Structure formats: C-alpha cells, structure tokens
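What the coordinates show
Here is what each chain is made of, one letter per residue.
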Amino acid sequence: MKRLSFILPLLLSCIMSHAQIQFGYISYDQVLKELPEYAQATQDLAALKAKYEAEAQKGEEEFQQKFVDFLQGQKEFPQAIMQKRQAELQTLMENGVAFRMKSQELLAQAEKDLMQEAQKRLNRTLLEVGVEMGYGYILNIDNNTCPYINPVVGVDVTNIVRTKLGLPTATEAEASSPSPAQEETVN
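Okay, so let's go over this structure. What you see is a predicted model, and the numbers here were worked out from it, not measured in a lab.

**What to know about a nonpolar patch on the surface**
Taken together, the side chains of Met93, Val97 and Met101 present a nonpolar region at the surface, about 290 Å² in accessible area. Residue position: methionine 93 is located in helix H4 (residues 79–133). A relative accessible area of 41% means that methionine 93 is categorised as partly exposed.

Structural data, given as structure tokens:
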C-alpha cells in the first residue's frame, strides 16, 4: 500500500506533464507592419497629418502677420483699437493651440481606425492558426513581454502566419536578399 501511495502521485505528475497545452507565439507588430493594409494605412495617415499640419501652419502664419501689423502700428493705435487687436491676437493664439490639440486627438483616432482592418486580418489569421494547430493560445512577444518560452510547449508561429497571409516567410526573405558575401561579388 505504501508503494502505491508513492507511485500514484508520481504517475499522475507524469501524465499531467504530458498533457500540457501547447501554445504559439509571435511578434504581432512585426507581422502587422508587413501587411499591405498597414502600408496603406500608414500612407493615408501621413497624408492626413500633412493636411492638419498645413492648416496649422496657415493659422500660425496668420497670427504672425497680425502680430507684425500690431507691433508696427501699436504706437499709433488709440487704446480701444489696441485692446481689440490684443484680444484678436489672443483669440488667434488660443485657436491655434486648440487646433493643434484637437488635431492630435483626431489623428490618434484616425490611426486607430485606419489600422483596424490590418489588425482584424491578422487576428483572424491568428485564430485560424491557433485552431488548426490545436494551440491553447498564441502569445504576443512584443516589448520583451515574455522573456522565456519553453521550446517544448511553445512554438514560433510567425512563418505559419506569414504564409497564411501571403507574405514571404523569414527564410524566403533571406533567400531573395543577397548575403554580404554575394553583395561583395556583385560590387
């Protein structure tokens, strides 16, 4: 009986260790940035930023011109006109600051909206890979969030996901780019 009480826990621990759930891991940001939807979203965001910047610059130029006019004529203006111009300058400055702040908020929201399609595509693919491979979960290893992964239970699914997305895998990308030795012979 003593023997059974010793062997039973040992046997159970062996069975439990073999029944561990396998999982996958991937650098989400790395693969996301390889998607064509990401490239398009980045271009659209850059164009939107340029429009906001141009509008902000226009407001700043208007403020600078009115400020120069104010400085040139301040000795000749009656008190009422002086106060009116000062208030006008103050309003222009406040509007410029408010526009910059609002444009930052709008750009952050636009970035979120523009990246949504690429993220949805990648998330769908991760779901498919997880189900097909029987993984309990797929970890995002960006920003060193998971410094150690046991290679017995964790599998790098980056190339599997790239293949499903129609992107070149790491080995395909290395094969298509010349090695440093090949570059020396070309040059």
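**Describing the sheet that holds strand S1 (residues 23–26)**
Sheet architecture is open: three strands sit in the order S2-S1-S3, paired in parallel fashion. Bordering the open sheet on either side are strand S2 (138–140) and strand S3 (154–156), each of which pairs with just one other strand. Within this sheet the neighbouring strands show an average axis-to-axis angle of 30°, counted without direction. Strand direction decides the pairing type here: S1 and S3, joined by three bridges, are parallel.

**Section: the nonpolar core**
In summary, soluble globular proteins display a tendency toward joint burial of nonpolar side chains. Among the nonpolar cores identified, the biggest contains 14 residues, and Val31, Leu35, Leu122, Val161 and Leu165 are the most heavily contacted of them. For this core, the elements supplying multiple residues, two or more each, are helix H2 (28–32), H4 and helix H5 (158–165). The biggest single contributor to this core is H4, with four residues. Not counting residues up to four positions away in its chain, the partners in contact with valine 31 are Ile26, Leu122, Thr158, Val161, Leu165 and Leu167.

**A look at helix H3 (residues 36–73)**
Taking 1.5 Å of rise per residue, 38 residues should cover 56 Å, and H3 covers 56 Å from first to last C-alpha, within 8% of that figure. Taken together, the buried positions of H3 are Ala41, Leu45, Tyr52, Ala56, Phe70 and Gly73. If you follow the buried residues of H3, they end up packed against H4.

**Details of the packing of aromatic side chains**
Within this structure, the stated rule accounts for three aromatic pairs. Judged by centre distance (6.1 Å) and plane angle (50°), the ring pair of tyrosine 52 and phenylalanine 99 falls under tilted. Pair noted here: tyrosine 52 is in helix H3 and phenylalanine 99 is in helix H4, with a separation of 47 residues, a long-range link. Residue phenylalanine 99 is classed as partly exposed on the basis of its relative accessible area, which comes to 27%. Ring geometry for phenylalanine 63 versus phenylalanine 67: centroids 6.1 Å apart, planes at 15°, classification stacked. Taken together, the residues span about one helical turn, with phenylalanine 63 and phenylalanine 67 both in helix H3 at a distance of four residues. Its relative accessible area of 23% is what places phenylalanine 63 among the partly exposed residues. Accessibility expressed as a relative area gives 37% for phenylalanine 67, which makes it partly exposed.

**So, the pattern of salt bridges**
According to the stated counting rule, one finds nine salt bridges in the structure shown. Linking glutamate 88 and lysine 84 is a salt bridge whose minimum nitrogen-to-oxygen distance equals 4.0 Å. Of this pair, glutamate 88 and lysine 84 both sit in helix H4, four residues apart, which is roughly one turn of that helix. Taking relative accessible area as the criterion, lysine 84 reaches 52% and is therefore assigned exposed. A salt bridge links glutamate 105 to lysine 102; the nearest nitrogen and oxygen atoms lie 3.9 Å apart. Here glutamate 105 and its partner lysine 102 are both found in helix H4, three residues apart, which amounts to about one turn of the helix. Given a relative accessible area of 51%, glutamate 105 falls into the exposed group.

Each value, and the rule that gives it
Residues numbered from 1 in each chain as written. Predicted model: local features only at pLDDT ≥ 70, side-chain atom pairs only at ≥ 80, totals over all residues. Heavy atoms only, no water. Patch = residues over 30% accessible without salt bridge, like charges linked within 9 Å, V, L, I, M, F, W, Y side chains within 5 Å. Areas by Shrake-Rupley, 256 points an atom, 1.4 Å probe, with all protein chains shown as cover. Salt bridge = Lys/Arg side-chain N within 4 Å of Asp/Glu carboxyl O. Helix = DSSP H or I, 4+ residues; strand = E, 2+ residues; numbered from the N terminus. Buried < 20%, exposed > 50% of the residue type's maximum accessible area, 1.4 Å probe, protein only. Pairing = 2+ DSSP bridges. Axes fitted to C-alpha atoms, helices over the stretch in contact; angles between N-to-C directions. Core = buried A, V, L, I, M, F, W, Y, C linked by side-chain atoms within 4.5 Å. Contact = heavy atoms within 4.5 Å. Expected span 1.5 Å × (residues − 1). Phe/Tyr/Trp six-rings, centres within 6.5 Å; stacked < 30°, edge-to-face > 60°.

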